[in-house]
Amino acid sequence: MRFSLVALIVISATALVGTGATIGVVDYFAGDLPSIDAIQTANLIQTTRILDRNGNLIEALYHENRTVVPLSKISVKLQRATIDTEDRTFYANSGVDYRRLLIAIVYDLTHRTGTLGGSTITEQVVKNDVLDTTEAQSRTISRKFRELLLAEEMERRYTKQQILELYLNSINYGNGAYGAEAAAETYFQVHASELSWAQASFLAGLPQAPSDYDPFGTPDQLDAAKVRWREVLDGMVAVGDLSGSAADTIYAGDLVTRMLTLHKSLAIAHNPLTAHFVDYIVAYIKQRYGDVALYEGGLTITTTLDLSTQAMADKWVKSGVRTYAKRGVNTGAMLVMNPSDGEILAMVGSADYNNAAIRGQINLTGTDPLGWRGVGSSFKVYTYGAALQAGLVTPASLLNDSTSVIGGHSFSDWDGKHEGFITLRTALAQSRNLPALWTYSSEGGERVVSFMHNLGVTAPIQTPDGVATTLGPDAISMTEHLAAYSAFDNGGYRVAAHAVLRVTDSSGKVLEALDANAGRVSVVSPELGYMMTDLLRGPVKLYLGGLGARPVAGKSGTTEAYTGSIFIGYTPDLAVAASLMHIDAGASCNSGYAYLATTFPPSGWQCPTSVLFGENVGVSVWKPFLEEYYSSHPWPAFWAQPAGVVSRQVCSYDGGYVSSGGYNEIFLKGVGEPRYPCGANPYPGEQPYVPPAPPAPAPSPSPH
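In short, a report on the structure. All values reported here derive from a predicted model rather than from experimental measurement.

Looking only at helices and strands, the protein has 23 helices and 22 strands in total. By sequence separation, contacts in the protein at least 24 residues apart represent 69% of the contacts at least 6 residues apart. Surface exposure of the protein reaches about 30,600 Å², of which carbon and sulfur atoms provide 54%.

Let's shift gears to the state of the cysteines. All chains considered together, the criterion is met by two disulfides. A sulfur-sulfur distance of 1.9 Å marks the disulfide that ties Cys589 to Cys607. Since a negative S-S torsion denotes a left-handed disulfide, the Cys589-Cys607 link at about 70 degrees is right-handed. Within this pair, whereas Cys589 is found in the loop between β20 (574-581) and α23 (614-629), its partner Cys607 is found in the loop between β20 and α23, the two being separated by 18 residues in sequence. Across this residue pair, the class does not change: Cys589 and Cys607 are buried. What links to what in the protein: the bonded cysteines, counted in sequence order, pair as 1-2, 3-4.

Moving on to the nonpolar core. In terms of nonpolar packing, the biggest core is built from 83 residues, with Tyr382 and Leu455 touching the most fellow members. Element by element, the count of residues in this core is highest for helix α21 (residues 478-489), at seven residues. Counting residues in hydrophobic clusters, the runner-up holds 56 residues, among them Val69, Leu166, Ala209 and Trp229.

Below, the discussion takes up the sheet that holds strand β6 (residues 331-337). The five strands lie next to each other as β7-β6-β20-β19-β18, forming an open sheet whose pairing is antiparallel. The sheet terminates laterally at β7 (344-348) and β18 (553-558), the two strands that pair on one side only. With direction set aside, neighbouring strand axes in the sheet form an average angle of 10 degrees. Relative to β7, β6 runs antiparallel, the two being bridged by four bridges. Residue pairing in the sheet places Leu335 in a bridge with Met347 of β7.

Where burial is concerned, most of helix α10 (residues 197-205) is hidden: eight out of the nine residues are buried. The complete set of buried residues in α10 reads Ala198, Gln199, Ala200, Ser201, Phe202, Leu203, Ala204 and Gly205. Looking at the packing, one finds that the buried side of α10 touches α3 (76-86), β3 (172-174), α9 (180-188), α11 (219-239), α12 (244-252) and α13 (255-265).

Strand order in the open sheet made by the five strands is β2-β1-β5-β15-β16, with mixed pairing throughout. Looking at the sheet topology across the chains shown, the edges are occupied by β2 (57-61) and β16 (510-513). Across the sheet, the mean angle from the axis of one strand to that of its neighbour is 15 degrees, orientation sign disregarded. Relative to β2, strand β1 (residues 48-51) is paired through four bridges, and the arrangement is antiparallel. From the neighbouring strand, Arg49 faces β2, where its bridge partner is Ala60.

All right, on to the pattern of salt bridges then. Oppositely charged side chains can pair when the atoms bearing their charge come close. Enumeration according to the criterion identifies 23 salt bridges in this entry. A salt bridge links Asp413 to Arg432, with the shortest nitrogen-to-oxygen separation between them at 3.4 Å. Taken together, the residues Asp413 in the loop between β11 (409-410) and β12 (420-423) and Arg432 in the loop between α18 (424-429) and α19 (433-443) connect sequence positions 19 residues apart. Taken individually, Asp413 and Arg432 each receive the classification buried, so the pair is uniform in this respect. Here Arg432 and Glu419 are joined by a salt bridge, their closest N and O atoms 3.9 Å apart. Taken together, the residues span a long stretch of sequence, with Arg432 in the loop between α18 and α19 and Glu419 in the loop between β11 and β12 at a distance of 13 residues. We classify Arg432 as buried; its relative accessible area is 0%. Overall, Glu419 belongs to the partly exposed group, its relative accessible area being 34%.

Cut-off values and rules
Residues numbered from 1 in each chain as written. Predicted model: local features only at pLDDT ≥ 70, side-chain atom pairs only at ≥ 80, totals over all residues. Heavy atoms only, no water. Helix = DSSP H or I, 4+ residues; strand = E, 2+ residues; numbered from the N terminus. Contact = heavy atoms within 4.5 Å. Areas by Shrake-Rupley, 256 points an atom, 1.4 Å probe, with all protein chains shown as cover. Disulfide = S-S within 2.5 Å. Buried < 20%, exposed > 50% of the residue type's maximum accessible area, 1.4 Å probe, protein only. Core = buried A, V, L, I, M, F, W, Y, C linked by side-chain atoms within 4.5 Å. Pairing = 2+ DSSP bridges. Axes fitted to C-alpha atoms, helices over the stretch in contact; angles between N-to-C directions. Salt bridge = Lys/Arg side-chain N within 4 Å of Asp/Glu carboxyl O.

And the structure:
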């Protein structure tokens, strides 16, 4: 039966050359031949590439790693090596080499195999790109005959150059590389146009059995790849494209050694340095364009990320974890953003993406609610910002750091001390709790939460009427928190985090591009933004040394029982948030400090460390990152004071205005200026105000 079927294909194929006697046979085997009209290189599955803002590759995503390039951008050396190896009569045959086919059939019969070899390049294109997968993998006479018919038809419709281009862009070269461009990059880190004779001849041998000829596989696979390479070189010598001595020199060279060395130096596919950011991009593209476009559409996604800044951020998060490991810290996060438009420059979601013991794949920058965390006293900016906006307080207002009982509940501060009545500026700089609690109580939670939401923080607040909300126990996205702070920095505009600058399809068509001004909404006045920035310079001057002389603003945050510490702030052109904490997989807390959780049950997620303040994060992570960043970037100029912010002299007694003898403070012109004279608004228990005695007149000089 096998002999009869083989004979049939020989007879029928021969008849195709010029006889019409086999029309019935052709009709029988052709049936509903699939269309080849749509076979174009543009329709091939292609690799999507995620790039940083400078065009550096972050990661490639694909079902088949392929970048389609025109034949003119594929080395002539690879074209010749491929033709010499796969189909020496390519430019002479009509899509089917009947002489070669007959030889292959005789070989199959005499060796009792059923491989039916002898396929031309055109036939391979038909098999790989026209026939459906099931039929292409079958080893039947009918499949082979249909392949011959389509190969003849393809030759009538397409030029040899078009067919070769399609072949070289579609063939599997192993290790996930489909097409010449992906193969050149995978094996040699060059473009297909740059391939040497050695590289081209090595690649030309792989498509015959890419899983067997794997230089990155087992020693046996590497040896097989070398043997195959020698066969290709010998074939090129036989047709005259290489001399025997040239082939020997190529084979004796260090191509394989260099290839293996280069392969070992490459980062793993899902680089942990950028893995959280890539996950963020993948989720965004899937939601917007779907899985097929992401993995097969050949998209080029130019992101906002700066790889050098990303490496710097990752370095300092890891450094902070090491510094405080003895206090139980095992992970952390950092987000770096352009405060003007929300472009994400760096995103470190954990200290180790691949460490399941710290839930490393959960992004602690809060791009997903799983990574939302309490923000501690860094929440206080919303309390004070809302009160300043409403004119309820000024930077000079004296706030209560004396009375611990508020609404029937007793509160204490981080140092257990009381400082009496202190100015808002001092209270914010020192992160005193009682002044923030009393301010929150007097203005009401609804005002504060509305102010926060208006800045772009979407997190729900569990008990907005509870004054403890100002201490930041509620889980909030670090990303939204930093974006909200950015409104103070950029003149009062709400920004949202953006990770994509531009998306183009495989043809270069721009599908989307970031418009920095789109949806630009003013949410606070430039005057309030400037005042908050000026107030937030206080913590930097107090805790971060030399940064106090720079245009830097920031605030610390420490959650209850030290379950998380954060430092967040900005310069005129950079916004940065960093955090350190302890997280365990599972339900239990293994930091060694679970006993500090006296008001809640500790868990792997809510796991106390030893004493760790937000200021510690500022000193060990936030500050050195900023210093290193600006060692290679120019420091920006200080913020310009808006005309609506005025300077007035006030007295330290109660923050009232005074003509002389006081100190200068800034105020919002009109609504935020001091409304009473010095001495008119003493705090409870304060001694009555005694105006300073006027200076004695200077004695008149005596006549000589």
